[in-house]
Amino acid sequence: LQYRIQYFFDTMRTFFYLVSLFIFAGCAGPRLQNESSNFAQELVPESIRVSGKHAPSVRAFFNGGLIYTCLLKPTAENVLVYDWEETATQGSLTFDNDLGYGRHEGPSYTWRLGTTILQGALIASWSGNSRSDAPWNLYQATAAVGDTSLARALWIQRLETTGGAIPTVACTSAQVGHTHAVSAQAYFIFWQKV
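This is a predicted model, so every value here is computed, not measured.

## Considerations on the overall build of the protein
A tally of regular secondary structure across the protein gives one helix and eight strands. Along the protein, helices and strands appear, N-terminal first, in the series α-β-β-β-β-β-β-β-β. The buried share among the 194 residues of the protein stands at 40%. In the protein, the proportion of contacts linking residues at least 24 apart, taken out of those at least 6 apart, comes to 64%. As displayed, the protein offers around 10,400 Å² of accessible surface, 59% of which is attributable to carbon and sulfur atoms.

## Things to note about the side chain of Asp96
Examined against the element boundaries, Asp96 turns out to sit in the loop between strand E2 (80-95) and strand E3 (100-106). Polar contacts involving the side chain of Asp96 include one to the side chain of Arg59, which spans 2.8 Å.

## Observations regarding the sheet that holds strand E4 (residues 110-113)
Strand order in the closed barrel formed by eight strands is E1-E2-E3-E4-E5-E6-E7-E8, with antiparallel pairing between adjacent strands. Across this sheet, the average inter-strand angle for adjacent strands is 30°, counted without regard to direction. Where strand E6 (residues 136-145) and strand E7 (residues 155-163) come together, four bridges link them in antiparallel fashion. Looking at the pairing, Tyr139 lines up with Ile156 of E7.

## Describing the environment of Leu66
Looking at the secondary structure, you find Leu66 in strand E1 (residues 54-74). With relative accessibility at 1%, the residue Leu66 sits in the buried group. Spatially, the C-alpha atoms of Leu66 and Glu86 are 6.7 Å apart, while their sequence positions differ by 20 residues. Beyond its immediate chain neighbours, meaning those up to four positions away, Leu66 contacts Glu86, Ala88, Thr89, Ala134, Arg158, Gly164, His180, Ala181, Val182 and Ala184.

## Focus on the nonpolar core
Residues Phe95, Trp111, Phe188 and Phe190 are the most contacted members of the largest nonpolar core, which totals 23 residues. When residues of this core are traced back to their parent elements, those giving at least two are E1, E2, E4 and strand E8 (179-193). The element contributing the most residues to this core is E1, with six residues. Apart from residues lying up to four places away in sequence, Phe188 is in contact with Val58, Arg59, Ala60, Phe62, Leu93, His104, Trp111, Tyr139, Ile156, Gln157 and Arg158.

## Some details on the pairing of E6
Pairing between strand E5 (residues 116-126) and E6: nine bridges, direction antiparallel. Directly across from Trp126, in E6, lies its bridge partner Trp136.

## Describing a nonpolar patch on the surface
Together, Leu72, Leu80, Tyr82 and Val176 line one region of the surface with nonpolar side chains, adding up to about 350 Å² of accessible area. The exposure class assigned to Val176 is partly exposed, which follows from its relative accessible area of 30%.

## A word on the packing of aromatic side chains
Summed over the entire model, instances satisfying the criterion amount to 10 aromatic pairs. Pairing Phe61 with Tyr187 gives two aromatic rings, centres 5.6 Å apart and planes at 65°, and the pair type is edge-to-face. With Phe61 in strand E1 and Tyr187 in strand E8, this pair connects stretches of sequence that are 126 residues apart. The exposure classification of Phe61 matches that of Tyr187, with both residues buried. Here the aromatic rings of Tyr139 and Phe188 are separated by 6.4 Å at their centres, their planes lie at 45°, and the arrangement is tilted.

## Description of the confidence of the model for the protein
Confidence in the prediction of the protein, expressed as mean pLDDT, is 83, and 79% of residues score 70 or more. Here helix H1 (residues 2-25) stands out as the least confident element of the protein, with mean pLDDT 47; E6 is the most confident, with 96. Note that residues 15-36 has pLDDT below 50 and, in this model, 37 contacts with residues that lie over four places away or in other chains.

## Some remarks on unusual backbone geometry
Even without a glycine there, the phi angle at Asn78 is positive, about 60°. Within the secondary structure, Asn78 is located in the loop between E1 and E2. Overall, Asn78 belongs to the exposed group, its relative accessible area being 66%. Even without glycine at this site, Asp98 takes up a positive phi of about 55°. Tracing the backbone shows Asp98 in the loop between E2 and E3. Using a relative accessible area of 80% as the deciding quantity, one classes Asp98 as exposed.

Quick notes on the rules
Residues numbered from 1 in each chain as written. Predicted model: local features only at pLDDT ≥ 70, side-chain atom pairs only at ≥ 80, totals over all residues. Heavy atoms only, no water. Helix = DSSP H or I, 4+ residues; strand = E, 2+ residues; numbered from the N terminus. Buried < 20%, exposed > 50% of the residue type's maximum accessible area, 1.4 Å probe, protein only. Contact = heavy atoms within 4.5 Å. Areas by Shrake-Rupley, 256 points an atom, 1.4 Å probe, with all protein chains shown as cover. Polar contact = N/O pair within 3.5 Å; in protein donor to acceptor, adjacent residues only side chain to side chain. Pairing = 2+ DSSP bridges. Axes fitted to C-alpha atoms, helices over the stretch in contact; angles between N-to-C directions. Core = buried A, V, L, I, M, F, W, Y, C linked by side-chain atoms within 4.5 Å. Patch = residues over 30% accessible without salt bridge, like charges linked within 9 Å, V, L, I, M, F, W, Y side chains within 5 Å. Salt bridge = Lys/Arg side-chain N within 4 Å of Asp/Glu carboxyl O. Phe/Tyr/Trp six-rings, centres within 6.5 Å; stacked < 30°, edge-to-face > 60°. pLDDT = per-residue confidence, 0-100.

Here it is, written out as structure tokens:
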């Protein structure tokens, strides 16, 4: 019973935190840099680069929250450890070139723009040996519906993250299953075949 009560309060705290993020999301406008700044793949770690056979089709600024869950996870040496894992995302997207506003959400890596829905799978992450910001990610598109440039994307990168750090609260056996919401900003670059 105590675990269920704690889980309920953790869930409600996460819900109210995300609601407050969305209310104030409009106050923090996009910090767009020059158009080509984060398209240059030579500045991106090799493990999350997109090949030269692809070109960026659209870029979007993300403002929202990341949800971390305390889990028992295996390491590369097959040792089980307690650690936080990003399990969900909720936030707004401001697309370049006046394409408008969209959403990024779910544990299923979904991006939305109007009636276009793009889904992807996480392929690789790069944290820069730091847990102070969310890692930079590479996703591969797995499904798309719609007729905007977003639907033509084959690869998606999450770059230039600010915030979204892994929680500093200890993840222990007593915390397994508990969630923690963290505000974050980033750019998403959507790549299509040349």
